[in-house]
Amino acid sequence: MNVILADQIQRKIDFKTKPQGALGTLEKLAFQIASIQGTLTPELIKPHIIVFAASHGIAASGVSAYPAEVTAQMVLNFIQGGAAINVFTRQNGITLQVVDAGVDYDFGKNEKLIDAKVGFGTKNFLLSPAMTAAELDKCLRRGREIVARVQATGCNVIGFGEMGIGNTSSASLIMSKLLDVPLEDCVGQGTGLNHEQLSAKLAILREAMQNHADIGSDPLSVLQTFGGFEIAMMCGAMLEAADRRMIVMVDGFIASVAYLCAFRMHAVISEYSIFCHESTEKGHECLLRHLNVEPILHLEMRLGEGTGCAVAYPILQSAVAFFNDMASFESAGVSNKSL
């Protein structure tokens, strides 16, 4: 970014009526948001959270504590307004949009649901790649198209969530392959597996990894092999949001894996991304450490749906508010430190 503008932003932060650094993470957020927008008077306009939902073929292999049909049931809950993400977006004035990226269910016509269905769920990646190259391309393209339409409303800050029984399995394999870390460091309890079920899940995913040992570490190849339609569509959406210089709010483990894929495709996305919380899903802490990022919140959440984005959003508002509205030493007639 422009060095002169960066100096101006930092000076504005430092000369507020407080000791330098006293607002901690809020100061870092204010600097990042002002830098993204290239202004000394940043605004958060028409915040959106988009939840992508899709079914996973691997769910048939017993990697989740919940049956596969819960994906469709939760989408219906979203559009009826009864889920946690509905509560938090209503609380914080965030527009919520729900996307059928590839749920194994026919929702018919519903004005509360964006139909971007690529298929009725991915294939079981134990047996074959989760999707074809054409399906992956559709996911990336449709994610970009959705964000373009959202930005056209005036939105400049956007978060992403997901719903898909089995998607922690997809995310764990993608993370392990892209970061070259042991699978056991990436695999967690997901929707609430006990110790015995977790061991079985890990064994299944090791077999899947071995069955596709020759795919390499290209993010597109890894996404096609192990991804879900919602993860791939979220990746495309994140890339488009960064291309449009929007603030990208990153949610928990699944969304962070989508971000990892996007980052491997276009590293500049890091300049636009704010990590909202650290999930208790096992792989997330390891992933955040590899990405060298510090999330805003540590609330022992592991729900997905974009809930971490919704809960963190008021902190972004506070960062912008102090940056724009807090008096400076000069304007308030307050003496600055003498040394």
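Relevant structure appears above.
S.K.: Which parts of the structure should I look at to understand unusual backbone geometry?
M.R.: Apart from glycine, the bulk of residues carry a negative phi angle, and the bulk of peptide bonds sit in the trans form. Positive phi values are uncommon outside glycine, yet R245 reaches one of about 55 degrees. Within the fold, R245 resides in the loop between α9 (229–243) and β5 (247–250). Note on R245: relative accessible area 44%, which makes it partly exposed. With a phi angle near 60 degrees, N292 is a residue other than glycine that sits in the positive phi range. Following the sequence through the fold, N292 ends up in the loop between α11 (282–291) and α12 (307–325).

S.K.: Could you clarify how one ought to interpret the pattern of salt bridges in this entry?
M.R.: Pairs can form between side chains of opposite charge once their charged atoms are near each other. What the rule picks out here adds up to eight salt bridges. E27 is the salt-bridge partner of K18, the closest N and O atoms lying 2.9 Å from each other. Residue K18 is classed as buried on the basis of its relative accessible area of 8%. One network of salt bridges, with partners in common, ties together R144, E240, D243 and R244.

S.K.: Which parts of the structure should I look at to understand the sheet that holds strand β2 (residues 95–102)?
M.R.: Two modes of strand pairing occur in sheets, parallel and antiparallel, and in both the strands are linked by backbone hydrogen bonds. With parallel pairing, six strands are arranged side by side in an open sheet as β3-β2-β1-β4-β5-β6. Both outer strands of the open sheet, β3 (113–115) and β6 (273–275), are each paired with one neighbouring strand and no more. Averaged over all pairs of adjacent strands, the angle between their axes in this sheet comes to 25 degrees, without regard to strand direction. Note that β2 and β3 share three bridges and pair parallel. Following the sheet pairing, V99 is matched in β3 by I114. In the packing of helix α3 (residues 70–80) onto the sheet, the strands contacted are β1 (48–54), β2, β3 and β4 (157–163), and the crossing angle to β4 comes to about 140 degrees. This element, α9, spans β1, β2, β4 and β5 of the sheet and lies at about 175 degrees to β4.

S.K.: Just to check I follow, could you spell out the pairing of β1 for this structure?
M.R.: Regular strands place side chains that alternate from one sheet face to the opposite one. Burial analysis of β1 places seven of its seven residues in the buried class, which makes it a mostly covered element. Residues H48, I50, F52 and A54 line one face of β1 and the alternating positions I49, V51 and A53 line the opposite face, and both faces are buried. When β1 meets β2, the two strands line up parallel, connected through seven bridges. What sits directly across from F52, in β2, is V99. Looking at chain direction, β1 and β4 are connected through six bridges and run parallel. Paired with I49 across the two strands is G159, which belongs to β4.

S.K.: It is not clear to me how the nonpolar core should be interpreted in this structure. Could you clarify?
M.R.: As a rule of thumb, soluble globular proteins bury nonpolar side chains together. With 115 residues, the main nonpolar core has F160 and M238 as its most contacted residues. Per-element accounting of this core gives the leading share, 11 residues, to α9.

S.K.: Would you mind showing me how to read the packing of aromatic side chains here?
M.R.: Between two aromatic rings, the relevant description is the distance of the centres plus the angle of the planes. Applying the stated criterion across every chain, the model contains five aromatic pairs. Judged by centre distance (5.5 Å) and plane angle (90 degrees), the ring pair of F125 and F226 falls under edge-to-face. A residue pair is termed long-range when its members are at least 10 positions apart, and F125 in the loop between β3 and α5 (133–151) and F226 in helix α8 (residues 219–226) qualify at 101 residues. Like F226, F125 is buried. With 6.0 Å between their ring centres and 20 degrees between their planes, Y259 and F263 make a pair best called stacked. One end of the pair, Y259, and the other, F263, are both in helix α10 (residues 253–265), four residues apart, so they sit about a helical turn from each other. Since its relative accessible area comes to 27%, F263 is described here as partly exposed. Site record: aromatic cluster; members linked through ring pairs are Y259, F263 and F275. It is K12 that lies over the ring of F323; its NZ or CZ is 4.4 Å from the centre.

S.K.: Whenever I open this one, α11 confuses me. Can you help?
M.R.: Because an α-helix packs 3.6 residues into every turn, residues spaced three or four apart end up facing the same way. Of all the positions in α11, only G283, H284, C286, L287, L288 and L291 are classed as buried. Those residues of α11 that are buried lie in contact with α6 (167–179), α10 and β6. Phi for N292, located one or two positions after α11, is positive at around 60 degrees.

Definitions and limits used
- Residues numbered from 1 in each chain as written.
- Predicted model: local features only at pLDDT ≥ 70, side-chain atom pairs only at ≥ 80, totals over all residues.
- Heavy atoms only, no water.
- Helix = DSSP H or I, 4+ residues; strand = E, 2+ residues; numbered from the N terminus.
- Buried < 20%, exposed > 50% of the residue type's maximum accessible area, 1.4 Å probe, protein only.
- Salt bridge = Lys/Arg side-chain N within 4 Å of Asp/Glu carboxyl O.
- Pairing = 2+ DSSP bridges.
- Axes fitted to C-alpha atoms, helices over the stretch in contact; angles between N-to-C directions.
- Contact = heavy atoms within 4.5 Å.
- Core = buried A, V, L, I, M, F, W, Y, C linked by side-chain atoms within 4.5 Å.
- Phe/Tyr/Trp six-rings, centres within 6.5 Å; stacked < 30°, edge-to-face > 60°.
- Lys NZ or Arg CZ within 6 Å of the ring centre and 35° of its normal.

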